[in-house]
Amino acid sequence: MIHIYCGNGKGKTTAAAGLAVRMAGHKKQLLFVQFLKGSYTGEIDILERLNGITVTRCDKEYGFFSSLTPQDKNNLIKCHNNNLDYVINNMNHFDMIVLDEIFAAYNYQLADKEKIKYITETYKGELVLTGREPNKWFMEKADYISEIKKIKHPFDIGIGAREGIEY
Ligand code: ATP
Ligand code: MG
């Protein structure tokens, strides 16, 4: 089935990581792919240590997409497309695939849209997609859609990202 975690509140990536942990607890094989974010986040090393979970991401921090140089942008697109090719070529080995922040990659043209659609249409396992604003096409294909709505977030009163909470 296809799962979407979307919306402007906090909890999309952590929900996907929680689902991955639950699935791994049943001795399943998982692939957790992160798009856009290259800086260290606390879940990455821990997920990698769990039996059955493979984590893939672009290891360079490219920063916010709007401040990317054209060269950084091309490198990021190349890296994203390589990761999508890896998914396409290996998807049958996994019971669950998480494409974290895939909607940002899709909406901002930072990955090949056809590859993302191909995975969504052909993968037979549990596909988990996250990002603030899913395109209608994905919402129509999804079986679960959970929208996390921000009521309050400390960022709004000037509190920055905190270790262990935001990253
Ligand atoms: P988390 O990784 O904590 O589950 P998320 O995946 O829902 O959050 P993203 O949209 O990926 O959130 O945002 C990346 C970062 O911005 C995270 O550190 C997240 O906690 C934080 N964040 C989430 N929602 C907001 C918001 N409304 N305003 C400011 N920062 C936010
Ligand atoms: Mg996230």
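Residues numbered from 1 in each chain as written. Chains lettered and ligands numbered in written order. Predicted model: local features only at pLDDT ≥ 70, side-chain atom pairs only at ≥ 80, totals over all residues. Heavy atoms only, no water.

A. Representation of the nonpolar core in the model. Among the nonpolar cores identified, the biggest contains 31 residues, and Phe-35, Val-87, Ile-97, Leu-99, Ile-102, Leu-127 and Leu-129 are the most heavily contacted of them. Going through the elements one at a time, β1 (2-6), β2 (30-34), α3 (70-90), β4 (96-100), α4 (102-107), α5 (113-122) and β5 (126-130) are the ones with two or more residues in this core. For this core, the element with the most residues is α4, which contributes five residues. In contact with Leu-129, not counting residues within four places along its chain, are Ile-2, His-3, Ile-4, Tyr-5, Leu-99, Ile-102, Phe-103, Thr-120 and Phe-138. (Core = buried A, V, L, I, M, F, W, Y, C linked by side-chain atoms within 4.5 Å. Buried < 20%, exposed > 50% of the residue type's maximum accessible area, 1.4 Å probe, protein only. Helix = DSSP H or I, 4+ residues; strand = E, 2+ residues; numbered from the N terminus. Contact = heavy atoms within 4.5 Å.)

B. Molecular detail of the pattern of salt bridges. Within this structure, the stated rule accounts for four salt bridges. In this structure, the salt-bridge partner of Glu-121 is Lys-141, at a minimum N-O distance of 3.4 Å. Pair noted here: Glu-121 is in helix α5 and Lys-141 is in helix α6 (residues 136-141), with a separation of 20 residues, a long-range link. (Salt bridge = Lys/Arg side-chain N within 4 Å of Asp/Glu carboxyl O.)

C. Quick look at the state of the cysteines. Counting across every chain of the model gives one disulfide. Between the sulfur atoms of Cys-58 and its disulfide partner Cys-79 the distance amounts to 2.1 Å. Taking the torsion about the sulfur-sulfur bond, which here is approximately -110°, the covalent link between Cys-58 and Cys-79 counts as left-handed. In this pair, Cys-58 is assigned in the loop between β3 (53-57) and α3 and Cys-79 in helix α3, connecting sequence segments 21 residues apart. (Disulfide = S-S within 2.5 Å.)

D. Expanded view of the packing of α3 against α5. With their axes 10 Å apart at the nearest point, α3 and α5 run at an angle of 25° to one another. Taken together, the axes of α3 and α5 are roughly parallel relative to one another. Crossing of α3 against α5: the hand is left-handed. Every residue of α5 that contacts α3 at Asn-81, Leu-84, Asp-85, Val-87 and Ile-88 is listed here: Lys-115, Ile-116, Tyr-118 and Ile-119. In terms of residue class, the contact of α3 with α5 is built from six nonpolar, one polar and two charged. (Axes fitted to C-alpha atoms, helices over the stretch in contact; angles between N-to-C directions. Parallel < 35°, antiparallel > 145°, perpendicular 65-115°, else oblique. Left-handed = near helix turned anticlockwise from the far one by under 90°. Nonpolar A, V, L, I, M, F, W, Y, C, P; charged D, E, K, R; others polar.)

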